[in-house]
Amino acid sequence: MKTTLLAASFALVLGSPRAAAAKPLRVVATTPELADIVRRVGGANVSVDGLARGPEDIHQVVMKPSFVTKLNKADAVVYLGLTLEHSFLTGLLDVARNPRLRQDNVRQCAGEGCIDCSEGVKVLEKPASVSRAEGEIHPQGNPHYNLDPDEGPTVARNVAAGLSRVDPAGAADYDKNLKAFLAELEPKLAEWRKRAAALKGVKAVSYHQDTPYLARFTGLQFVATVEPKPGVPPTPTHLERVVALMKAQGVKLIVREQHFDAKTTAWLAEQTGAKVAVIGVMGNALPKTGTYLEFEERNLANLLEAVRP
Ligand SMILES: [Zn+2]
């Protein structure tokens, strides 16, 4: 009886080669929509922990001791990169002391467990010179590429490649899961492109300079930001200038990233007759947008709703 049970349990284990090889890979993802992609691509081989919850400003995520514990134990960390997570990831990796996620002088994360999703992304706004006078600095270019759904496949491929590097035994699984995710994403992309046609050429202002990739996907034309410079709060003089510009150019759309002040954009709307569309710059910034598909869908739907005649 004992031997039969033992044999049966061996058979169970052997039926799933990856499960026999190791415990689930511990993966930390910086944002909710990235965590979702890691779950989709990693499947049963990974357990995923997120850092930012979603509603906060990605540039000002408050570091918690629990983040350090997660990163200390992690086999891999998945991040958007281009210094988007600069406010928290660099400092956390510093104290997490995880050799798999070590940093070097150049890179935020340089160990074998570092999975940078910006590799191969078509980066916009690479600065010719880096100066503090221009406000918040992103020396590698604008990091908000998660607002362009066309970069979704690149991100998912980076996740699959990174997980396969960290866990070669699971490579076939990651490849299979990647294909299943892309098979779901690609028809969505085609649908979103079609719907986004209604936004083409529509002039808009945003609160923060995080919309060039959104503009690339939708064809929206952003003519100003509520912030005078990235990370610098608006002054009354600057706001008057924005109102004048919006009136002169007939701007009818204000894009407010969910974490920014609703009063200021409501005032702008009142002054100009423009409508406000609220978007999230990461998953779960808006309710029920924890998955990558929900995140991209909601942003597009909110923009379309605001320009509907
Ligand atoms: Zn930014």
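Remember, it's a predicted structure, so these values are computed and weren't measured experimentally. (Residues numbered from 1 in each chain as written. Predicted model: local features only at pLDDT ≥ 70, side-chain atom pairs only at ≥ 80, totals over all residues. Heavy atoms only, no water.)

## Here's the deal with the side chain of T272
Our working definition: Secondary structure follows DSSP: runs of H or I at least 4 residues long count as helices, runs of E at least 2 residues long count as strands, and numbering of each begins at the N terminus. Between N or O atoms, a polar contact is any pair within 3.5 Å; within protein, one atom must be a potential hydrogen donor and the other a potential acceptor, and residues adjacent in sequence are included only when both atoms are from side chains. The contact criterion used throughout is that any non-hydrogen atoms of two residues lie within 4.5 Å.
For T272, the location among the structural elements is in helix α10 (residues 262–272). One polar contact links the side chain of T272 to the main-chain amide nitrogen of A274, over a distance of 3.3 Å. Filtering out sequence-adjacent residues up to four positions away, T272 remains in contact with V243, M246, K252 and I254.

## Digging into the packing of helix α6 (residues 152–166) against helix α7 (residues 171–196)
Formally: Only C-alpha atoms enter the line fits that serve as axes; for helices the fit covers just the stretch in contact. Angles between N-to-C directions range over 0 to 180 degrees. What sets the label is the angle itself: under 35 degrees gives roughly parallel, over 145 gives roughly antiparallel, 65 to 115 gives roughly perpendicular, and the rest give oblique. Each residue is assigned to one class: nonpolar for Ala, Val, Leu, Ile, Met, Phe, Trp, Tyr, Cys and Pro, charged for Asp, Glu, Lys and Arg, and polar for all the others, Gly among them.
In contact at an axis separation of 9 Å, α6 and α7 are set at 175° when each is read in the N-to-C sense. As summarised for this structure, α6 and α7 are arranged roughly antiparallel, according to the angle between their axes. Each of G152, P153, A156, R157, A160, L163 and S164 in α6 lies in contact with α7, whose residues at this interface are A171, Y174, L178, F181, L182, L185, E186 and L189. Residues belonging to the contact of α6 with α7 are distributed by class as follows: 11 nonpolar, 2 polar and 2 charged.

## Regarding the sheet that holds strand β7 (residues 253–257)
Note the following rule: The criterion for strand pairing is that DSSP finds at least two bridges linking the strands in question.
The 4 strands lie next to each other as β6-β5-β7-β8, forming an open sheet whose pairing is parallel. Lying at the two open borders of the sheet, with one neighbouring strand each, are β6 (221–225) and β8 (275–279). For this sheet, the mean inter-axis angle between neighbouring strands, taken without regard to orientation, is 30°. When β7 meets β8, the two strands line up parallel, connected through 5 bridges. Paired with I254 across the two strands is V276, which belongs to β8. Here α10 sits on the sheet in contact with β7 and β8, set at roughly 180° to β7. Against the sheet, helix α11 (residues 292–307) engages β7 and β8, with an angle of about 175° to β8.

## What about the nonpolar core?
The nonpolar side chains of a soluble globular protein tend to be buried, and buried together. Which entries qualify depends on this criterion: In plain words, nonpolar cores are sets of buried Ala, Val, Leu, Ile, Met, Phe, Trp, Tyr and Cys residues tied together by side-chain atoms within 4.5 Å. Residue exposure (1.4 Å probe, protein chains only): buried if accessible area is under 20% of the type maximum, exposed if over 50%, otherwise partly exposed.
In terms of nonpolar packing, the biggest core is built from 71 residues, with L71, V78, L163 and L303 touching the most fellow members. The dominant element in this core, judged by the number of residues it contributes, is α7, at 8 residues. Leaving out residues up to four positions away in the same chain, L71 has contacts with V28, L51, V77, L89, L92, L93, A96, N98 and L101. Counting residues in each nonpolar core, the second largest holds 14 residues, with Y207, V243, M246 and V251 among its members.

## Brief notes about the confidence of the model for the protein chain
Threshold: For every residue, the predictor states its confidence as a pLDDT score lying anywhere from 0 to 100.
Confidence in the prediction for the protein chain averages 92 pLDDT; 90% of positions are at 70 or higher. Scored below 50 in pLDDT, residues 1–15 shows 1 contact in the model against residues more than four places distant or in partner chains.

## Things to note about the sheet that holds strand β1 (residues 25–29)
Reading across from one edge, β2-β1-β3-β4 is the order of the 4 strands in this open sheet, with parallel pairing throughout. A single partner strand is all that each edge strand has here, and the edge strands are β2 (46–50) and β4 (114–116). Here the strands of the sheet are splayed against their neighbours by 25° on average, with no regard to which way each runs. Contacts from α6 reach β1, β2, β3 (76–79) and β4, with the element oriented near 165° to β4.

## Regarding the coordination of the zinc ion
Formally: Only nitrogen, oxygen and sulfur atoms within 2.8 Å of the metal, or 3.2 Å for Na, K and Ca, are treated as donors, and water is left out, so sites may look incomplete.
At the metal site, the zinc ion is ligated by H59 (NE2), H144 (NE2) and H208 (NE2), and these contacts range over 2.1 to 2.3 Å. Each donor residue of the zinc ion lies on one chain, and together they are spaced H-x84-H-x63-H. One end of the pair, H59, is in the loop between β2 and α4 (65–73); the other, H144, is in the loop between β4 and α6, and 85 residues separate them in sequence.

## Digging into the packing of helix α9 (residues 236–249) against α10
Let me state the cut-off plainly: Each crossing is labelled by how the near helix is turned from the far one, with a counterclockwise turn of less than a right angle marking it left-handed and a clockwise turn marking it right-handed.
The N-to-C vectors of α9 and α10 enclose an angle of 40°; their axes lie 10 Å apart at closest approach. Put simply, α9 runs oblique to α10. For the element pair α9 and α10, the recorded crossing hand is right-handed. On α10, the residues that touch L239, E240, V242, V243, M246 and K247 of α9 are T264, W267, L268, Q271 and T272. Residues belonging to the contact of α9 with α10 are distributed by class as follows: 6 nonpolar, 3 polar and 2 charged.

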